[in-house]
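Secondary and tertiary structure notes
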Amino acid sequence: QQPVQSPQAVILREGEDAVINCSSSKALYSVHWYRQKHGEAPVFLMILLKGGEQKGHEKISASFNEKKQQSSLYLTASQLSYSGTYFCGTLFNAGNNRKLIWGLGTSLAVNP
Amino acid sequence: GAGVSQSPSNKVTEKGKDVELRCDPISGHTALYWYRQSLGQGLEFLIYFQGNSAPDKSGLPSDRFSAERTGGSVSTLTIQRTQQEDSAVYLCASSLRGPGYEQYFGPGTRLTVT
């Protein structure tokens, strides 16, 4: 049930774009994205609740394709501050007895 | 306002000793989570408290691990008879309601078992 994140790692030059994917083998209710900088705690980026919904955070946006059971995180014109590990967390239903299932993370390095 | 706090920030202990890790969630948050993160690895779920409901302990790796949350606020994670494989960063997070809400993470406790 653990979502699969791809790629595992990506290296960018400042200003380049990247896409990080989070795929599930099971139907999703919501997808949550977090970023963890080296030596720090994870920080919330966004939650996507509806199929096809896109949300944005600065120059970071995301989409959620219910049919494909996948979410994609788009990092546009990357900045040095975007470096870190990106985690997706997935919920499979809206009930009370549930918890986020986390992917293994995608390491992103943005170089000058 | 104050975020999630954890103490101690670092703990070095000898194999076989017991340790207690503390988490102070954001006031008013009903949900509290404990995670473990080994170096360069992902977030391993340990336990989840939601209001007055029975906690979800499904992630605790062995019966040496236990946690409690008193008065719906502060939580303590206890590891008995620590082993070297318990060395990791233990992260606590809280959210306003359940898992569908944004989780706010504490700075973590780095546990080293020698």
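Below or above, wherever it landed, is the structure these notes cover.

Parameters and conventions
- Residues numbered from 1 in each chain as written.
- Chains lettered and ligands numbered in written order.
- Predicted model: local features only at pLDDT ≥ 70, side-chain atom pairs only at ≥ 80, totals over all residues.
- Heavy atoms only, no water.
- Disulfide = S-S within 2.5 Å.
- Helix = DSSP H or I, 4+ residues; strand = E, 2+ residues; numbered from the N terminus.
- Buried < 20%, exposed > 50% of the residue type's maximum accessible area, 1.4 Å probe, protein only.
- Pairing = 2+ DSSP bridges.
- Axes fitted to C-alpha atoms, helices over the stretch in contact; angles between N-to-C directions.
- Core = buried A, V, L, I, M, F, W, Y, C linked by side-chain atoms within 4.5 Å.
- Salt bridge = Lys/Arg side-chain N within 4 Å of Asp/Glu carboxyl O.
- Contact = heavy atoms within 4.5 Å.
- Buried area = accessible area lost by both parts, 1.4 Å probe.
- Polar contact = N/O pair within 3.5 Å; in protein donor to acceptor, adjacent residues only side chain to side chain.

Moving on: the state of the cysteines. Scanning the model with the defined rule gives two disulfides over all chains in all. In this model A:Cys22 forms its disulfide with A:Cys88; the gap between the sulfur atoms is 2.0 Å. Torsion about the S-S bond of the A:Cys22 and A:Cys88 cystine: about 75°, corresponding to right-handed handedness. With a gap of 66 residues between them, A:Cys22 in strand β3 (residues 18-23) and A:Cys88 in strand β9 (residues 84-91) connect regions that are remote in the sequence. Summarising the burial analysis for this pair, A:Cys22 and A:Cys88 share the class buried. Covalent S-S linkage joins B:Cys23 and B:Cys92, the inter-sulfur distance amounting to 1.8 Å.

Another aspect to go through is the sheet that holds strand β7 (residues 75-79) of chain B. Residue and element names in this part refer to chain B. If you walk across this open sheet you meet the four strands as β1-β3-β7-β6, and the pairing is antiparallel. Both edges of this open sheet fall to β1 (5-7) and β6 (65-69), since each of them pairs with a single strand only. The average undirected angle you get between the axes of adjacent strands in this sheet is 15°. In terms of strand pairing, strand β3 (residues 19-24) meets β7 through five bridges, oriented antiparallel. Pairing of Glu 20 across the sheet is with Thr 78, part of β7.

Here the focus is the nonpolar core. Nonpolar side chains tend to gather and get buried jointly when the protein is soluble and globular. One finds A:Trp33, A:Met46, A:Leu73, A:Leu75, A:Tyr86 and A:Leu108 to be the most contacted residues of the largest nonpolar core, which totals 23 residues. Elements with a minimum of two residues in this core: β2 (9-13), β3, β4 (30-36), β5 (43-48), β7 (60-65), β8 (70-75), β9 and β11 (106-111) of chain A.

Okay, the pattern of salt bridges next. Residues and elements named next belong to chain B. Within this structure, the stated rule accounts for four salt bridges over all chains. Ionic pairing is found between Glu 44 and Arg 36, a salt bridge with its closest N-O pair at 2.9 Å. Residue class for Glu 44 comes out partly exposed when judged on its relative accessible area of 32%. Residue classification places Arg 36 among the buried residues on the basis of a relative accessible area of 11%.

Residue-level contacts link 14 residues of chain A with 18 residues of chain B. Together, A:Pro42, A:Lys99 and A:Trp102 form the three largest contributors to the area buried by chain A at its contact with chain B, with a combined 35%. Linking chain A with chain B are one salt bridge. In this structure, A:Lys99 engages B:Asp56 in a salt bridge whose closest nitrogen and oxygen atoms are separated by 3.4 Å. Linking chain A with chain B are five residue pairs in polar contact (both at pLDDT 80 or more), by the criterion used here. Residue assignment for the side of chain A that touches chain B shows that the elements contributing at least two residues are β4, β5 and β9 of chain A. Broken down by element, the residue count for the side of chain A that touches chain B peaks at three residues, all from β4(A).

Position of B:Gln37 relative to the elements: it lies in strand β4 (residues 31-37). Of note is the side chain of B:Gln37, whose polar atom sits 2.8 Å from the side chain of A:Gln36. Here B:Gln37 is in contact with A:Gln36, A:Phe87, B:Gly42, B:Leu43, B:Ala88, B:Val89 and B:Leu91, once residues within four sequence places are set aside.

Quick look at the pairing of strand β10 (residues 109-113) of chain B now. For a regular strand, the rule is simple: side chains alternate between the two faces of the sheet. All names here are of chain B. Burial of the side chains of β10 is restricted to one face: Thr 109, Leu 111 and Val 113 are buried, whereas none of Arg 110 and Thr 112 on the reverse face is. In this structure, strand β2 (residues 10-13) lies alongside β10, joined through four bridges in parallel fashion. Looking at β10, one finds that Val 12 is bridged to Thr 112. As paired strands, strand β8 (residues 88-95) and β10 are joined by three bridges and run antiparallel to one another.

With that settled, the discussion passes to the pairing of β2(A). Residues and elements named next belong to chain A. The side-chain alternation of β2 yields one buried face, formed by Val 10 and Leu 12, and one unburied face, formed by Ala 9, Ile 11 and Arg 13. Relative to β11, β2 is paired through five bridges, and the arrangement is parallel. The residue bridging Leu 12 from the neighbouring strand is Val 110, located in β11.

Let us look at the side chain of A:Ser24. Residue and element names in this part refer to chain A. Position of Ser 24 relative to the elements: it lies in the loop between β3 and β4. According to the relative accessible area criterion, Ser 24 is buried, its value standing at 10%. In this structure the side chain of Ser 24 is engaged in a polar contact, spanning 2.7 Å, whose partner is the backbone oxygen of Lys 26.

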